[in-house]
Amino acid sequence: MNMSYLEDAFITVLNMSITASYVAIVVIFARLLLKKAPKVFSYALWSIVLFRLVCPFSFSSGLSLLGLMQSSQNGNFSTRYIEDNMELMPSLAVDTGMDNVNTAVKALLPVVASFDPMQILITIGTLIWLTGAAVLLIYALVSYLRLKRRISMATLVSDNIYETDLIRSPFVCGFIRPKIYLPLNLTGSEREYILCHEKIHIKRRDYLIKLIAFLALVLHWFNPLMWLCFSLMTKDMEMSCDERVIKSLGMEGGAGYSMSLLALAMNRKMPSMSPLAFGEGNVKARVKNSLNYKMP
């Protein structure tokens, strides 16, 4: 592939990342204001950031937040902070009064002009960006395949539910036909609570949302704010799923569900998890949120 196309892609991603950072700061602030509200609202807000991370185009009005932050001279909104055709060095002209010297110097000008510091920085930045994205993709793929190999001998219980003694916490794995994997020590109401949680993940297509979010993170890995957004989005995803479970069980079942989360945390020894699988993390925050949840 032509290097110029990759450099154009890098500049486009860089511009999208800057715009998404503004949006992410607003969403993080809004998330704090919604601290006591059901987490489904916080979870929904991350779709705005995700849209800005993957869409190179902008749709804005004069009343929008981004429209207030940056407008071009003709009044139209623009999200291009770095242009593709940036030129650092001005065009050079030489006139020594001697035709032979002028001809020799003009022959060297294209070589001198080709060493544009800004172009060199863009090329180096593009190579670093591609390398980082490739490392993240390889890590995700390898860890996912290792996890799949470890659970390959799991026993089918019913439908898409599997059990194995090689894990200590339940999780969802797969994208086309996602499967639920449970440890053997889950029994009774605890098993039903966890199954309900994992089925809600599948029903809401959270496994696809997390995949898209991770791929967006791969594109924007150089932006530390996007790593924070991915972590917060995952927490909100889990907590909103917990709330759906409590809503379906009734408030009476909330305490029992919280105890199930606590029991899993005490027994937790997960295999090396892929960033694309759903483990039962952030248990302390999830238990507190489950106990404090009130029906909206």
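Caption draft 1: Here's a closer look at the overall build of the protein chain. Along the protein chain, the regular secondary structure elements total ten helices and four strands. Listing the helices and strands of the protein chain from first to last along the sequence gives α-α-α-α-α-β-β-β-β-α-α-α-α-α. Out of the 296 residues in the protein chain, the part that is buried amounts to 41%. In the protein chain, the share of contacts with a sequence separation of at least 24, taken over all contacts with a separation of at least 6, comes to 71%. Of the roughly 16900 Å² of accessible surface on the protein chain, a fraction of 65% belongs to carbon and sulfur atoms.

Caption draft 2: Spatial organisation of the packing of aromatic side chains. Within this structure, the stated rule accounts for seven aromatic pairs. Pairing Phe171 with Tyr181 gives two aromatic rings, centres 5.7 Å apart and planes at 25 degrees, and the pair type is stacked. Pair noted here: Phe171 is in strand 3 (residues 171-173) and Tyr181 is in strand 4 (residues 179-183), with a separation of ten residues, a long-range link. Here Tyr181 falls in the buried class, since its relative accessible area comes to 5%. Three or more aromatic residues joined by ring pairs form one cluster here, namely Phe10, Trp129, Trp221 and Phe222.

Caption draft 3: Local environment of the packing of helix 6 (residues 188-203) against helix 8 (residues 224-249). The geometry of helix 6 relative to helix 8 is characterised by a closest axis approach of 9 Å and an angle of 120 degrees between their N-to-C directions. By the criterion of interaxial angle, the relationship of helix 6 to helix 8 is oblique. Both helix 6 and helix 8 take part in a crossing whose hand is right-handed. Between helix 6 and helix 8, the contacting residues are Tyr193, Cys196, His197, Ile200, His201 and Lys203 on the first element and Met237, Glu238, Cys241, Asp242, Arg244, Val245, Ser248 and Leu249 on the second. Counted by class, the contact of helix 6 with helix 8 contains seven nonpolar, three polar and four charged residues.

Cut-offs used in this document
- Residues numbered from 1 in each chain as written.
- Predicted model: local features only at pLDDT ≥ 70, side-chain atom pairs only at ≥ 80, totals over all residues.
- Heavy atoms only, no water.
- Helix = DSSP H or I, 4+ residues; strand = E, 2+ residues; numbered from the N terminus.
- Buried < 20%, exposed > 50% of the residue type's maximum accessible area, 1.4 Å probe, protein only.
- Contact = heavy atoms within 4.5 Å.
- Areas by Shrake-Rupley, 256 points an atom, 1.4 Å probe, with all protein chains shown as cover.
- Phe/Tyr/Trp six-rings, centres within 6.5 Å; stacked < 30°, edge-to-face > 60°.
- Axes fitted to C-alpha atoms, helices over the stretch in contact; angles between N-to-C directions.
- Parallel < 35°, antiparallel > 145°, perpendicular 65-115°, else oblique.
- Left-handed = near helix turned anticlockwise from the far one by under 90°.
- Nonpolar A, V, L, I, M, F, W, Y, C, P; charged D, E, K, R; others polar.

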